[in-house]
Amino acid sequence: NADFQALSCEDQLNYYYNVGANYYYLDLLSEALVYWKDTALHQATQCWNIRHPEVGYYHYVIGIVHGGLNEYEEQAFHFEQSLSIQEGQAAADALDLADLMVEIARLNLNFKDYSKANRFLAKAERLYQNIEELDPGKLNRLNEVWGLVLYESENFEESIEKSRLVLTTDPSNSVVIHNLGSAYLGIGELEDA
């Protein structure tokens, strides 16, 4: 309507984002995608440009939704777009960049590209090391994914190391406990497994 069209570009964008967020939190991912991908992303490029950090954020959330819909090729595309935009920023947020790299690594685990996953995890770890007062959950997520990548690439001893790091602060993490048992089985330590 005319009142909506009279709003600033950013206000229109906020509306589309918020409607998409509501659908996302209601677990209506396809509807969220309509507002975020088909509308908000286009609106963000109209408000700024295709290399603006906000556009990179929209690519990130769109990638998350595609992952929730098991659309991994689309997820990879949007994560790569977000990464390209974030890395091109002089003042990129190291925490956001590291979190994105962990998600890209997890995605490459699904694609069975373990060397690429390892590279992204190593970059994310370096970024996390420079962040003061880092939430321990961030390192746990990094090491959980890394343990799985190392396990799948049959590097069982390093997988055990990463898994143990997670269990020091999250001792009931069932995914890590299962992975740890499998890694011990991989090196023939049946009692530990």
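For the structure, check the block above.
Computed from a predicted model, the values in this text were never measured in an experiment.

The full count for this structure, using the stated rule, is six salt bridges. Residue arginine 106 is joined to glutamate 103 by a salt bridge in which the shortest nitrogen-to-oxygen separation is 3.0 Å. Highlighted residues: arginine 106 and glutamate 103, both in helix α6 (residues 94–110), separated by three residues, approximately one helical turn. Accessibility expressed as a relative area gives 13% for glutamate 103, which makes it buried. Connected via shared salt-bridge partners are Glu103, Arg106, Arg141 and Glu144.

Let us now look at the environment of glycine 181. Here glycine 181 shows up in helix α10 (residues 174–186). Counting along the chain gives 95 residues from glycine 181 to glutamine 86, while the straight-line C-alpha distance between them is 37 Å.

On the surface, Glu157, Glu158, Glu161, Glu189, Glu191 and Asp192 cluster together into a patch of negative charge. Turning to its location among the elements, glutamate 161 is positioned in helix α9 (residues 156–169). On the accessibility criterion, glutamate 161 (51% relative accessible area) is exposed.

The next subject is the packing of aromatic side chains. What the rule picks out here adds up to 12 aromatic pairs. For the pair tyrosine 17 and tyrosine 58, a centre-to-centre distance of 5.8 Å together with 80° between the ring planes defines the contact as edge-to-face. One end of the pair, tyrosine 17, is in helix α2 (residues 9–25); the other, tyrosine 58, is in helix α4 (residues 53–68), and 41 residues separate them in sequence. Look at tyrosine 17 and you get partly exposed, because its relative accessible area is 21%. For tyrosine 58, a relative accessible area of 3% translates into the label buried. The rings of Tyr17, Tyr24, Tyr25, Trp36, Tyr57 and Tyr58 are connected pair by pair, giving a single aromatic cluster. Positioned above the aromatic ring of phenylalanine 120, the side-chain terminus of lysine 123 is 5.3 Å from the ring centre. Over the face of the ring belonging to tryptophan 146 we find lysine 162, whose NZ or CZ atom lies 4.0 Å from the ring centre.

A word on unusual backbone geometry. In the Ramachandran plot, glutamate 133 falls in the positive-phi region, its phi being about 55° despite a non-glycine side chain. Summarising the element assignment, glutamate 133 is placed in the loop between α7 (114–129) and α8 (136–152). What makes glutamate 133 exposed here is its relative accessible area of 80%. Despite not being glycine, glutamate 154 has its phi angle at roughly 60°, a positive value. Structurally, glutamate 154 is set in the loop between α8 and α9. Of the residues examined, glutamate 154 reaches a relative accessible area of 61% and is grouped as exposed.

Counted as a void, the largest pocket has a volume near 400 Å³. Lining the largest pocket are 18 residues, with Tyr57, Tyr60, Gln86, Asp96 and Leu100 sitting closest to its centre. Looking at the lining of the largest pocket, the elements that each hand over two or more residues are α4, α6 and α8.

Conventions adopted
- Residues numbered from 1 in each chain as written.
- Predicted model: local features only at pLDDT ≥ 70, side-chain atom pairs only at ≥ 80, totals over all residues.
- Heavy atoms only, no water.
- Salt bridge = Lys/Arg side-chain N within 4 Å of Asp/Glu carboxyl O.
- Helix = DSSP H or I, 4+ residues; strand = E, 2+ residues; numbered from the N terminus.
- Buried < 20%, exposed > 50% of the residue type's maximum accessible area, 1.4 Å probe, protein only.
- Patch = residues over 30% accessible without salt bridge, like charges linked within 9 Å, V, L, I, M, F, W, Y side chains within 5 Å.
- Areas by Shrake-Rupley, 256 points an atom, 1.4 Å probe, with all protein chains shown as cover.
- Lys, Arg positive; Asp, Glu negative; His and termini not counted.
- Charge placed at Lys NZ, Arg CZ, Asp CG, Glu CD.
- Phe/Tyr/Trp six-rings, centres within 6.5 Å; stacked < 30°, edge-to-face > 60°.
- Lys NZ or Arg CZ within 6 Å of the ring centre and 35° of its normal.
- 1 Å grid on protein atoms, 1.4 Å probe; cavity = no way out; pocket = protein on both sides within 12 Å on 5 of 7 lines; lining within 4 Å.
- Points joined across faces, edges and corners; volume = space filled by probe spheres on them.

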